[in-house]
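Now for the letters of each chain:
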Amino acid sequence: MTTTLRPTGPLAQTTDGGRERAYQICVNGRPVGEVRLVADPSLGWRAGRVDRLRVDEGERRRGRATVALLAAEEVLRDWGCRRVELRVPAGSDAALGLGAALGYAERTRLMVKTVSGPAPLPPEGSRMRAPTEEEYAAWFAAERAWYLRGAASQGVPDDEAVAGAEATYRRLLPDGPRTAGLRLRVLVLAGTRIGSLWLSLGGDRLPSGMDAYVYAVEVTEEHRGRGHGRALMREADRLCHEAGARRLGLTVYAGNEPALSLYRFLGYRVRDVYLSKPLP
């Protein structure tokens, strides 16, 4: 029997170089499932994702998903992708096992919580506020430098990393500090800035099903372990409650156990696990 992918519609392309397409998984021409492939700058430079992979109940445990995933990798490779992600709903042990068997490793987790009420105020002696223009410029420079360091660690050439950073921040922060839905806060303790929060409310930049999303939260190294990260996340809750947003999400990198523990304590639960592997 021959397992192939058959497009169900035209290739959709975006103005920033992204593309996506849905396929039927077919065995000797007979549909037995579906797969959806996505590649856009939000995934990281030259990365693609198997965003949905489903095999009909009666066709499972016959190697259909394995062959379909390998075929999907070939499509993404033809699109110019150098890395592939596999999105796995939390609790899907079979999909996690398939990914591991084919060389995928956990990269990130998408965690979600329901904002149910107003959050407490920051601890006494500290306060939250919006950044000044100068603080925004310094914050943005640090964010961009973080992106470029991450790209360099993956072996991305400098010119491609710079292009990827420009595409990413153009999409996420098209109008800089005046981007619609942006809520950027700095945490000040005794007159010193010790942390920051980047929250986005609404718009098409959020993962599906989200009303708000925490893109970044940071506490200076010398002030970590003292509850300031928790205070910044409570500020995200407060801003969401103020705006009427209920579904708040964030992404955690694999191995960041302190962050995972904090977010679980704050009521976040894993919705999706993202596995990743290079495409040579």
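Quick caveat, the model's predicted, so the values are computed rather than measured.

*Asks:* What is the right way to look at the overall build of the protein chain in this model?
*Replies:* For the protein chain, the helix and strand inventory stands at six helices and 13 strands. Taken over C-alpha atoms, the radius of gyration comes to 21 Å for the protein chain, in line with the 19 Å a tight globule of 280 residues would show. Each principal axis of the C-alpha distribution contributes one length, and for the protein chain these read about 70 × 40 × 30 Å. For the protein chain, with 280 residues in total, the buried portion stands at 42%. Contacts in the protein chain between residues at least 24 apart in sequence constitute 64% of all its contacts with a sequence separation of at least 6. Separation between the mean location of the 42 positive side-chain charges and that of the 34 negative ones in the protein chain comes to 4 Å.

*Asks:* What is the right way to read the packing of aromatic side chains from this model?
*Replies:* By convention here, two paired aromatic rings are described through the distance between centres and the angle between planes. One pass over the full model with this rule turns up nine aromatic pairs. When the centroid spacing of 5.2 Å and the interplanar angle of 85° are considered together, the rings of tryptophan 139 and tryptophan 198 count as edge-to-face. In this pair, tryptophan 139 sits in helix α3 (residues 133–153) while tryptophan 198 sits in strand β10 (residues 192–201), placing the two residues 59 residues apart along the sequence. Assessed through its relative accessible area of 12%, tryptophan 139 is described here as buried. Accessibility expressed as a relative area gives 4% for tryptophan 198, which makes it buried. With a centroid separation of 4.7 Å and 65° between ring planes, the pair formed by tyrosine 213 and tyrosine 215 is classed as edge-to-face. A network of ring pairs unites the aromatic residues Tyr136, Trp139, Phe140, Tyr147, Tyr169, Trp198, Tyr213 and Tyr215 as a single cluster.

*Asks:* For this particular structure, what's the right way to read helix α5 (residues 228–243)?
*Replies:* One full turn of an α-helix is made of 3.6 residues, so residues set three or four places apart face in the same direction. End to end, α5 covers 23 Å across 16 residues, agreeing with the expected 22 Å (1.5 Å per residue, within 8%). For α5, the complete set of buried residues consists of His228, Ala231, Leu232, Met233, Glu235, Ala236, Asp237, Leu239 and Cys240. Immediately beyond the C-terminal end of α5, within one or two residues, lies glycine 244, with a positive phi of roughly 80°.

*Asks:* Is there a simple way to explain the layout of surface pockets in this structure?
*Replies:* Empty space left among the atoms is revealed by rolling a probe the size of a water molecule over them. By volume, the second largest pocket is sized at about 590 Å³. Lining the second largest pocket are 21 residues, and of these Leu53, Val55, Ala65, Ser92 and Ala95 sit closest to its centre. Ranked by residue count, the leading element in the lining of the second largest pocket is strand β5 (residues 47–55), at five residues. Looking at side-chain class alone, the lining of the second largest pocket contains nine nonpolar, three polar and nine charged residues.

*Asks:* Any chance you could explain the side chain of glutamate 235 here in plain terms?
*Replies:* With respect to the helices and strands, glutamate 235 occurs in helix α5. Taking the relative accessible area as the measure of exposure, glutamate 235 reaches 5% and is therefore buried. Apart from residues lying up to four places away in sequence, glutamate 235 is in contact with Met128, Arg185 and Leu197.

*Asks:* Teacher, can you tell me more about the environment of lysine 277 here?
*Replies:* Tracing the chain through its elements places lysine 277 in strand β13 (residues 269–278). For lysine 277, a relative accessible area of 13% gives the class buried. Setting aside residues no more than four positions away along its own chain, lysine 277 makes contact with Glu73, Arg83, Val84, Leu102, Gly103 and Tyr104. Here glutamate 73 takes part through its side chain, which lies 3.1 Å from a polar atom of the side chain of lysine 277.

*Asks:* What's the story with the packing of α3 against helix α4 (residues 158–172) in this structure? I'm lost.
*Replies:* Packing of α3 against α4 leaves a shortest axis separation of 10 Å and a crossing angle of 135°. With respect to each other, α3 and α4 are oriented oblique. As α3 runs across α4, the sense of the crossing is right-handed. Mapping the contact onto sequence places Phe140, Glu143, Arg144, Tyr147, Leu148 and Ala151 in α3 and Ala161, Val162, Gly164, Ala165, Thr168 and Tyr169 in α4. Here the contact of α3 with α4 is built from residues that sort into eight nonpolar, two polar and two charged.

*Asks:* How should the pairing of strand β8 (residues 126–129) be read in this particular structure?
*Replies:* Remark: a regular strand shows side chains that alternate across the two faces of the sheet. Here β8 shows one buried face, formed by Ser126 and Met128, and one open face, formed by Arg127 and Arg129. Examined bridge by bridge, β8 and strand β9 (residues 182–189) share four bridges and lie antiparallel to one another. Bridge pairing in β9 places arginine 127 opposite valine 188.

*Asks:* Mind showing me how you'd approach unusual backbone geometry here?
*Replies:* Excluding glycine, a negative phi dihedral is what most residues carry, and trans is how most peptide bonds are arranged. Although it is not a glycine, asparagine 28 sits at a positive phi angle of roughly 50°. Accessibility expressed as a relative area gives 56% for asparagine 28, which makes it exposed. The phi torsion at alanine 190 lies on the positive side, around 50°, for a residue other than glycine. With respect to the helices and strands, alanine 190 occurs in the loop between β9 and β10.

Criteria and thresholds
Residues numbered from 1 in each chain as written. Predicted model: local features only at pLDDT ≥ 70, side-chain atom pairs only at ≥ 80, totals over all residues. Heavy atoms only, no water. Helix = DSSP H or I, 4+ residues; strand = E, 2+ residues; numbered from the N terminus. Rg over C-alpha atoms; globule rule 2.2 N^0.38 Å. Buried < 20%, exposed > 50% of the residue type's maximum accessible area, 1.4 Å probe, protein only. Contact = heavy atoms within 4.5 Å. Lys, Arg positive; Asp, Glu negative; His and termini not counted. Charge placed at Lys NZ, Arg CZ, Asp CG, Glu CD. Phe/Tyr/Trp six-rings, centres within 6.5 Å; stacked < 30°, edge-to-face > 60°. Expected span 1.5 Å × (residues − 1). 1 Å grid on protein atoms, 1.4 Å probe; cavity = no way out; pocket = protein on both sides within 12 Å on 5 of 7 lines; lining within 4 Å. Points joined across faces, edges and corners; volume = space filled by probe spheres on them. Nonpolar A, V, L, I, M, F, W, Y, C, P; charged D, E, K, R; others polar. Polar contact = N/O pair within 3.5 Å; in protein donor to acceptor, adjacent residues only side chain to side chain. Axes fitted to C-alpha atoms, helices over the stretch in contact; angles between N-to-C directions. Parallel < 35°, antiparallel > 145°, perpendicular 65-115°, else oblique. Left-handed = near helix turned anticlockwise from the far one by under 90°. Pairing = 2+ DSSP bridges.

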